[in-house]
Amino acid sequence: MRTASVNRDTLETKIQVSLNLDGKGTGKFNTGVPFLEHMMDQIARHGMIDLDITCDGDVHIDDHHTVEDIGITLGKAINQAIGDKKGMTRYGHAYVPLDEALSRVVIDFSGRPGLTMNVPFTQKRIGNFDTELFYEFFQGFVNHALVTLHIDCIRGFNAHHQIETVFKAFGRALRMALTPDPRMEGAMPSTKGVL
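The rules behind each value
Residues numbered from 1 in each chain as written. Predicted model: local features only at pLDDT ≥ 70, side-chain atom pairs only at ≥ 80, totals over all residues. Heavy atoms only, no water. UniProt positions renumbered as here; feature names shortened; annotations may be inferred. Buried < 20%, exposed > 50% of the residue type's maximum accessible area, 1.4 Å probe, protein only. Helix = DSSP H or I, 4+ residues; strand = E, 2+ residues; numbered from the N terminus. Pairing = 2+ DSSP bridges. Right-handed = clockwise from strand over helix to strand, strands pointing away.

- Looking at an unreviewed UniProt entry, one finds the protein chain named Imidazoleglycerol-phosphate dehydratase and attributed to Microbulbifer salipaludis.
- Quoted verbatim from the Catalytic activity (unreviewed entry) heading of the UniProt record, the comment on the protein chain is "D-erythro-1-(imidazol-4-yl)glycerol 3-phosphate = 3-(imidazol-4-yl)-2-oxopropyl phosphate + H2O".
- For the record of the protein chain, the UniProt heading Sequence similarities (unreviewed entry) holds the text "Belongs to the imidazoleglycerol-phosphate dehydratase family."

**Notes on the pairing of strand 4 (residues 50–57)**
On any regular strand, side chains alternate: one points to one face of the sheet, the next to the other face.
Phase 1: Burial along strand 4 is one-sided: the residues L51, I53, C55 and G57 are buried and none of D50, D52, T54 and D56 is.
Phase 2: Relative to strand 4, strand 2 (residues 13–20) runs antiparallel, the two sharing 8 bridges. Bridged to Q16 within strand 4 is T54.
Phase 3: Here strand 3 (residues 27–30) pairs with strand 4 via 4 bridges, running parallel. For K28, the partnering residue across the bridge sits in strand 4 and is D52.
Phase 4: Taking the sense of rotation as the criterion, the β-α-β connection linking strand 3, helix 1 (residues 34–47) and strand 4 turns out left-handed.

What follows is the structure, encoded as structure tokens:
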């Protein structure tokens, strides 16, 4: 079983992330940031990852620390759960539409953190949620999952649709990259021999 449970305790947040990469796509969330929970549910459902995230954060200040630290902790948990990376597909990509919006996400479990994110949000806020925080979430994730991640919202004018297509595509790309490749069983998916 490719599972992990990771805790992160700071003066700003106390987070626990538990996951099963070979799950059924169930999610359980208690973070104090409802819109982020809606996005985490997209990762679980479309990534077919069982995902349980709890966070007690300083949301009385704002959502920044909670969102960023959840990205960090999720990245650590996925990195821990995949183990030595032998036999995994490694690369994943997905295009996902939602009405007028269309996004593309491409991921490589390369061992090298890197984020290129081009999402020209049409609004600064979605309800009470600051759209700039999505960059912080993904930056925290790539730094600790040790992945290269390219995110592009190709079109869209509804900010909710824009980011929802991003998270659905992210979940689908994760699912593809994390799927074991039976032809690569026991082999490292790199000519270097390490990732």
